[in-house]
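So you can see what is in the structure, the chains are spelled out below.
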Amino acid sequence: MSTPPGGTAAIVPAAGRGERLGPGAPKALRSIAGIPILVHAVRSLISCERVGLVVVAAPPDGVSEVRDLLLPFGETVQVVAGGDTRQRSVALALDAVPEENDIVLVHDAARALTPPALVTAVIEAVAAGCEAVIPVLPVADTIKAVDSSGTNVTATVDRSSLRAVQTPQGFRRSLLVKAHASAISADTTDDAGLVERLGIPVAVIPGHTEAFKVTTPFDLILAEAVFAARAARHPEEPGA
Ligand code: C5P
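These numbers were taken from a predicted model, which means no experiment stands behind them.

Analysis parameters
- Along each chain, residues carry numbers from 1 onward, in the same order as the chain's sequence is written.
- Given that this is a predicted model, residues contribute local features only at a pLDDT of at least 70 and side-chain atom pairs are listed and counted only at 80 or more, while totals for whole chains, interfaces and linings are drawn from all residues.
- Computation of side-chain values: all heavy atoms of the structure, hydrogens and water removed.
- Helix numbers and strand numbers start at the N terminus; a helix is a DSSP run of H or I with at least 4 residues, a strand a run of E with at least 2.
- By this rule the span expected of a helix is its residue count minus one, scaled by 1.5 Å.
- Note on classification: 1.4 Å probe, protein chains only; a residue is buried when its accessible area is under 20% of the maximum for its type, exposed when over 50%, partly exposed between these limits.
- Orientation is described by axes fitted as lines to C-alpha atoms, over the contacting stretch for helices, and by angles from 0 to 180 degrees between their N-to-C directions.
- An angle counts as roughly parallel when it lies under 35 degrees, as roughly antiparallel when it exceeds 145, as roughly perpendicular when it falls between 65 and 115, and as oblique in every other case.
- By definition, turning the near helix anticlockwise from the far helix through less than a right angle yields a left-handed crossing, and turning it clockwise yields a right-handed one.
- Working rule for contacts: check all heavy atoms of both residues, and any pair within 4.5 Å makes them a contact.
- Under the scheme applied, nonpolar residues are Ala, Val, Leu, Ile, Met, Phe, Trp, Tyr, Cys and Pro; charged residues are Asp, Glu, Lys and Arg; polar residues are all the others, including Gly.
- Under the rule applied, a polar contact is a pair of N or O atoms within 3.5 Å (in protein, one hydrogen donor and one hydrogen acceptor; residues adjacent in sequence only if both atoms are side-chain atoms).
- A pair of strands counts as paired when DSSP detects no fewer than two bridges linking them.
- Patch definition: residues with relative accessible area over 30% and no salt bridge; like charges joined within 9 Å; nonpolar side chains (Val, Leu, Ile, Met, Phe, Trp, Tyr) joined within 5 Å.
- Methods summary: accessible areas were calculated by the Shrake-Rupley approach with a probe of 1.4 Å, and residue burial reflects only the protein chains presented.
- The salt bridge definition used is simple: a Lys or Arg side-chain nitrogen within 4 Å of an Asp or Glu carboxyl oxygen.

**Q** What is the right way to read helix α4 (residues 116-127) from this model?
**A** Residues spaced three or four apart along an α-helix point in a common direction, a consequence of the helix completing one turn every 3.6 residues. Spanning 12 residues, α4 covers 17 Å between terminal C-alpha atoms, matching the ideal 16 Å at 1.5 Å per step. Among the residues of α4, P116, L118, V119, V122, I123, A125 and V126 are the ones counted as buried. A positive phi of about 125 degrees marks G129, the residue just after α4.

This is the structure in C-alpha coordinates:
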(Lines give C-alpha, C1' and ligand atoms only; values in the text may rest on other atoms or scores of the structure.)
Protein backbone atom coordinates (compact mmCIF):
# COMPACT_ATOMS: atom_id res chain seq x y z
CA MET A 1 0.00 0.00 0.00
CA SER A 2 2.41 2.73 -1.07
CA THR A 3 1.64 6.18 -2.41
CA PRO A 4 3.91 9.08 -3.37
CA PRO A 5 4.98 11.29 -0.43
CA GLY A 6 2.53 14.10 0.20
CA GLY A 7 -0.20 12.28 -1.68
CA THR A 8 -3.94 12.27 -1.12
CA ALA A 9 -5.85 9.25 0.13
CA ALA A 10 -9.63 8.92 0.05
CA ILE A 11 -11.76 6.97 2.52
CA VAL A 12 -15.12 5.63 1.38
CA PRO A 13 -17.43 4.46 4.18
CA ALA A 14 -19.65 1.89 2.47
CA ALA A 15 -20.55 -0.41 5.32
CA GLY A 16 -24.17 0.72 5.77
CA ARG A 17 -27.24 -1.24 4.70
CA GLY A 18 -28.97 1.69 2.97
CA GLU A 19 -32.41 0.58 4.09
CA ARG A 20 -34.12 3.77 2.85
CA LEU A 21 -33.54 2.46 -0.67
CA GLY A 22 -35.92 -0.45 0.05
CA PRO A 23 -35.21 -4.19 0.21
CA GLY A 24 -32.33 -5.70 -1.74
CA ALA A 25 -28.52 -5.57 -1.81
CA PRO A 26 -26.59 -3.08 0.39
CA LYS A 27 -26.85 0.38 -1.12
CA ALA A 28 -23.25 0.56 -2.30
CA LEU A 29 -23.80 -2.56 -4.40
CA ARG A 30 -26.98 -1.34 -6.13
CA SER A 31 -26.44 -0.37 -9.74
CA ILE A 32 -26.68 2.79 -11.81
CA ALA A 33 -26.53 1.97 -15.54
CA GLY A 34 -25.50 -1.59 -14.61
CA ILE A 35 -22.48 -0.42 -12.58
CA PRO A 36 -22.47 -0.66 -8.75
CA ILE A 37 -22.81 2.65 -6.90
CA LEU A 38 -19.51 1.97 -5.10
CA VAL A 39 -17.66 1.49 -8.40
CA HIS A 40 -19.00 4.82 -9.67
CA ALA A 41 -17.84 6.55 -6.48
CA VAL A 42 -14.36 4.99 -6.58
CA ARG A 43 -14.01 5.91 -10.27
CA SER A 44 -14.78 9.54 -9.61
CA LEU A 45 -12.12 9.63 -6.85
CA ILE A 46 -9.33 7.92 -8.73
CA SER A 47 -9.92 9.89 -11.89
CA CYS A 48 -8.23 12.72 -9.95
CA GLU A 49 -4.49 12.36 -10.44
CA ARG A 50 -3.75 13.49 -6.90
CA VAL A 51 -5.68 10.61 -5.34
CA GLY A 52 -3.13 7.81 -4.94
CA LEU A 53 -5.06 5.52 -2.62
CA VAL A 54 -8.71 4.76 -1.87
CA VAL A 55 -9.63 2.80 1.26
CA VAL A 56 -13.18 1.42 1.25
CA ALA A 57 -14.89 0.32 4.49
CA ALA A 58 -17.12 -2.60 3.53
CA PRO A 59 -19.81 -4.40 5.55
CA PRO A 60 -17.85 -6.84 7.79
CA ASP A 61 -19.70 -9.79 6.23
CA GLY A 62 -19.14 -8.48 2.70
CA VAL A 63 -15.41 -7.68 2.59
CA SER A 64 -14.47 -10.38 0.09
CA GLU A 65 -17.42 -9.54 -2.18
CA VAL A 66 -16.41 -5.85 -2.21
CA ARG A 67 -12.74 -6.75 -2.69
CA ASP A 68 -13.68 -8.85 -5.76
CA LEU A 69 -15.77 -6.01 -7.14
CA LEU A 70 -12.88 -3.53 -6.81
CA LEU A 71 -10.14 -5.90 -7.99
CA PRO A 72 -9.94 -4.24 -11.44
CA PHE A 73 -8.64 -1.05 -9.75
CA GLY A 74 -5.55 -2.91 -8.47
CA GLU A 75 -3.44 -1.77 -5.51
CA THR A 76 -4.84 1.76 -5.63
CA VAL A 77 -8.03 0.58 -3.95
CA GLN A 78 -7.92 -1.25 -0.60
CA VAL A 79 -10.86 -2.73 1.31
CA VAL A 80 -11.18 -3.00 5.10
CA ALA A 81 -14.03 -4.20 7.32
CA GLY A 82 -16.25 -1.32 8.47
CA GLY A 83 -17.69 -0.81 11.95
CA ASP A 84 -21.15 -0.56 13.48
CA THR A 85 -21.44 3.21 12.84
CA ARG A 86 -20.32 5.42 9.98
CA GLN A 87 -17.86 7.14 12.28
CA ARG A 88 -16.31 3.83 13.31
CA SER A 89 -16.09 2.74 9.65
CA VAL A 90 -14.19 5.94 8.79
CA ALA A 91 -11.87 5.47 11.79
CA LEU A 92 -11.07 1.89 10.75
CA ALA A 93 -10.33 2.96 7.17
CA LEU A 94 -8.19 5.86 8.44
CA ASP A 95 -6.05 3.35 10.36
CA ALA A 96 -5.21 1.79 6.98
CA VAL A 97 -4.05 5.08 5.39
CA PRO A 98 -0.23 5.35 5.42
CA GLU A 99 1.22 8.46 7.06
CA GLU A 100 2.75 9.84 3.88
CA ASN A 101 -0.74 10.81 2.72
CA ASP A 102 -0.93 14.29 4.19
CA ILE A 103 -4.39 15.02 2.75
CA VAL A 104 -7.30 12.65 3.43
CA LEU A 105 -10.73 12.85 1.84
CA VAL A 106 -13.82 11.18 3.26
CA HIS A 107 -16.43 10.45 0.61
CA ASP A 108 -19.83 8.77 0.89
CA ALA A 109 -20.15 5.86 -1.52
CA ALA A 110 -23.73 6.96 -2.07
CA ARG A 111 -22.56 10.16 -3.82
CA ALA A 112 -21.92 7.97 -6.82
CA LEU A 113 -21.88 10.59 -9.56
CA THR A 114 -19.73 13.23 -7.87
CA PRO A 115 -17.92 15.12 -10.64
CA PRO A 116 -14.12 14.57 -10.47
CA ALA A 117 -13.74 18.37 -10.68
CA LEU A 118 -15.37 18.67 -7.26
CA VAL A 119 -12.90 16.14 -5.80
CA THR A 120 -10.03 18.18 -7.25
CA ALA A 121 -11.45 21.44 -5.87
CA VAL A 122 -11.61 20.00 -2.34
CA ILE A 123 -8.01 18.72 -2.54
CA GLU A 124 -6.81 22.06 -3.86
CA ALA A 125 -8.49 23.95 -1.02
CA VAL A 126 -6.74 21.75 1.57
CA ALA A 127 -3.42 22.03 -0.28
CA ALA A 128 -3.87 25.82 -0.28
CA GLY A 129 -3.95 25.86 3.51
CA CYS A 130 -7.47 25.06 4.77
CA GLU A 131 -7.18 22.25 7.31
CA ALA A 132 -10.77 21.09 6.82
CA VAL A 133 -12.90 21.74 3.72
CA ILE A 134 -16.46 20.76 2.84
CA PRO A 135 -18.49 21.29 -0.34
CA VAL A 136 -21.89 22.86 0.31
CA LEU A 137 -25.01 23.99 -1.54
CA PRO A 138 -27.55 26.65 -0.54
CA VAL A 139 -30.83 25.26 0.78
CA ALA A 140 -33.64 25.68 -1.76
CA ASP A 141 -36.65 24.68 0.36
CA THR A 142 -38.12 26.66 3.23
CA ILE A 143 -37.01 24.92 6.43
CA LYS A 144 -39.27 24.53 9.49
CA ALA A 145 -38.55 23.06 12.90
CA VAL A 146 -41.22 20.72 14.32
CA ASP A 147 -42.04 19.49 17.81
CA SER A 148 -40.96 16.10 19.17
CA SER A 149 -44.15 14.45 17.86
CA GLY A 150 -43.26 15.71 14.37
CA THR A 151 -46.82 17.01 13.84
CA ASN A 152 -46.59 20.73 14.67
CA VAL A 153 -44.35 23.52 13.43
CA THR A 154 -42.39 25.28 16.18
CA ALA A 155 -40.37 27.71 14.04
CA THR A 156 -39.41 28.78 10.54
CA VAL A 157 -35.64 28.67 10.26
CA ASP A 158 -33.77 31.46 8.45
CA ARG A 159 -32.36 29.50 5.52
CA SER A 160 -29.99 32.23 4.33
CA SER A 161 -27.25 30.96 6.65
CA LEU A 162 -27.98 27.25 6.09
CA ARG A 163 -26.06 25.00 3.70
CA ALA A 164 -26.59 21.38 2.66
CA VAL A 165 -23.32 19.51 3.09
CA GLN A 166 -21.84 17.10 0.56
CA THR A 167 -18.73 14.99 0.26
CA PRO A 168 -15.84 14.55 -0.40
CA GLN A 169 -14.81 16.36 2.76
CA GLY A 170 -11.07 17.10 2.81
CA PHE A 171 -8.70 17.26 5.79
CA ARG A 172 -5.07 17.49 6.76
CA ARG A 173 -4.46 13.92 7.82
CA SER A 174 -3.15 14.88 11.28
CA LEU A 175 -6.33 16.87 12.01
CA LEU A 176 -8.65 14.04 10.94
CA VAL A 177 -6.73 11.56 13.10
CA LYS A 178 -7.00 13.93 16.08
CA ALA A 179 -10.72 14.55 15.44
CA HIS A 180 -11.48 10.82 15.38
CA ALA A 181 -9.30 10.12 18.42
CA SER A 182 -11.29 12.69 20.41
CA ALA A 183 -14.67 11.48 19.15
CA ILE A 184 -15.27 8.37 21.22
CA SER A 185 -18.78 9.34 22.31
CA ALA A 186 -19.60 11.88 19.59
CA ASP A 187 -22.70 11.44 17.48
CA THR A 188 -22.00 13.35 14.27
CA THR A 189 -23.16 12.49 10.77
CA ASP A 190 -20.04 13.82 9.09
CA ASP A 191 -16.32 14.15 9.77
CA ALA A 192 -16.26 17.94 9.64
CA GLY A 193 -18.60 17.82 12.66
CA LEU A 194 -15.82 16.15 14.65
CA VAL A 195 -13.38 18.89 13.61
CA GLU A 196 -15.87 21.58 14.68
CA ARG A 197 -16.01 19.97 18.14
CA LEU A 198 -12.27 20.64 18.42
CA GLY A 199 -12.96 24.35 17.78
CA ILE A 200 -11.05 24.28 14.49
CA PRO A 201 -12.53 26.22 11.55
CA VAL A 202 -14.05 24.30 8.65
CA ALA A 203 -13.97 26.08 5.27
CA VAL A 204 -16.70 25.72 2.65
CA ILE A 205 -16.43 25.61 -1.14
CA PRO A 206 -19.29 25.40 -3.67
CA GLY A 207 -20.70 21.89 -4.02
CA HIS A 208 -22.29 20.38 -7.13
CA THR A 209 -25.89 19.28 -7.70
CA GLU A 210 -24.68 16.03 -9.30
CA ALA A 211 -22.85 15.10 -6.08
CA PHE A 212 -26.24 14.24 -4.53
CA LYS A 213 -26.55 11.26 -2.21
CA VAL A 214 -28.45 8.27 -3.58
CA THR A 215 -30.77 7.60 -0.65
CA THR A 216 -34.26 6.82 -1.96
CA PRO A 217 -35.66 4.92 -4.99
CA PHE A 218 -36.31 8.33 -6.59
CA ASP A 219 -32.59 9.18 -6.30
CA LEU A 220 -31.78 6.01 -8.26
CA ILE A 221 -34.04 7.18 -11.10
CA LEU A 222 -32.38 10.61 -10.98
CA ALA A 223 -28.92 9.02 -11.02
CA GLU A 224 -29.82 6.93 -14.08
CA ALA A 225 -30.93 10.13 -15.86
CA VAL A 226 -27.76 12.04 -14.89
CA PHE A 227 -25.57 9.16 -16.03
CA ALA A 228 -27.45 8.87 -19.35
CA ALA A 229 -27.07 12.62 -19.97
CA ARG A 230 -23.31 12.39 -19.32
CA ALA A 231 -22.97 9.34 -21.54
CA ALA A 232 -24.68 11.29 -24.35
CA ARG A 233 -22.25 14.22 -23.84
CA HIS A 234 -19.08 12.11 -23.37
CA PRO A 235 -19.68 8.62 -24.83
CA GLU A 236 -16.04 7.66 -24.05
CA GLU A 237 -16.07 8.79 -20.44
CA PRO A 238 -19.54 9.15 -18.88
CA GLY A 239 -18.06 9.72 -15.39
CA ALA A 240 -16.63 13.06 -16.53
O1 C5P B 1 -26.87 5.97 6.47
P2 C5P B 1 -26.15 7.07 5.78
O3 C5P B 1 -26.64 7.30 4.38
O4 C5P B 1 -26.03 8.35 6.55
O5 C5P B 1 -24.66 6.53 5.61
C6 C5P B 1 -23.65 7.34 5.07
C7 C5P B 1 -22.50 6.48 4.62
O8 C5P B 1 -21.90 5.81 5.73
C9 C5P B 1 -22.93 5.38 3.63
O10 C5P B 1 -22.01 5.37 2.54
C11 C5P B 1 -22.86 4.12 4.47
O12 C5P B 1 -22.53 2.95 3.71
C13 C5P B 1 -21.75 4.44 5.44
N14 C5P B 1 -21.83 3.64 6.69
C15 C5P B 1 -20.70 2.89 7.08
N16 C5P B 1 -20.75 2.12 8.23
C17 C5P B 1 -21.87 2.07 8.95
C18 C5P B 1 -23.02 2.82 8.58
C19 C5P B 1 -22.96 3.63 7.43
O20 C5P B 1 -19.67 2.91 6.40
N21 C5P B 1 -21.89 1.27 10.03
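**Q** So what exactly am I meant to see when it comes to the environment of A140 here?
**A** Checked against the element boundaries, A140 lands in the loop between β7 (132-138) and β8 (143-146). The exposure class of A140 is exposed, given its relative accessible area of 68%.

**Q** Sorry, what's going on with the packing of helix α1 (residues 37-46) against helix α2 (residues 63-70) here?
**A** For any two helices packed against each other, one specifies the inter-axial angle together with the distance between the axes. Between α1 and α2, whose axes approach to 10 Å, the crossing angle comes to 55 degrees. Between α1 and α2, the crossing angle belongs to the class labelled oblique. In the crossing of α1 with α2, the sense of the turn from one axis to the other is right-handed. In this structure, α1 contributes L38, V39 and V42 to the contact, and α2 contributes V66, L69 and L70. Taken together, the residues that form the contact of α1 with α2 break down as six nonpolar, no polar and no charged.

**Q** Mind showing me how you'd approach the side chain of Q166 here?
**A** With respect to the helices and strands, the residue Q166 is situated in the loop between β10 (163-165) and β11 (169-172). A distance of 2.8 Å separates the side chain of Q166 from the backbone oxygen of H208, its partner in a polar contact. In contact with Q166, other than residues within four places in its own chain, are R111, L118, P135, L137, G207, H208, A211 and F212.

**Q** For this particular structure, what's the right way to read the pairing of strand β5 (residues 77-81)?
**A** Each regular strand carries side chains that alternate between the two faces of the sheet. With four of five residues buried, β5 lies mostly within the body of the structure. Where strand β4 (residues 51-58) and β5 come together, five bridges link them in parallel fashion. Bridging from a neighbouring strand, V54 pairs with V77 of β5.

**Q** Sorry if this is basic, but what is going on with the pairing of β8 here?
**A** One ladder, built from four bridges, connects β8 with strand β9 (residues 153-157); its direction is antiparallel. Of the residues in β9, the one forming a bridge with K144 is T156. A loop of six residues connects β8 with β9, the two strands running antiparallel in sequence, and G150 in this loop sits at a positive phi of about 75 degrees.

**Q** I keep staring at a nonpolar patch on the surface and nothing clicks. Help me out?
**A** Together, F218, I221 and L222 make up an exposed nonpolar region whose accessible area comes to about 320 Å². Note that I221 resides in helix α7 (residues 217-233).

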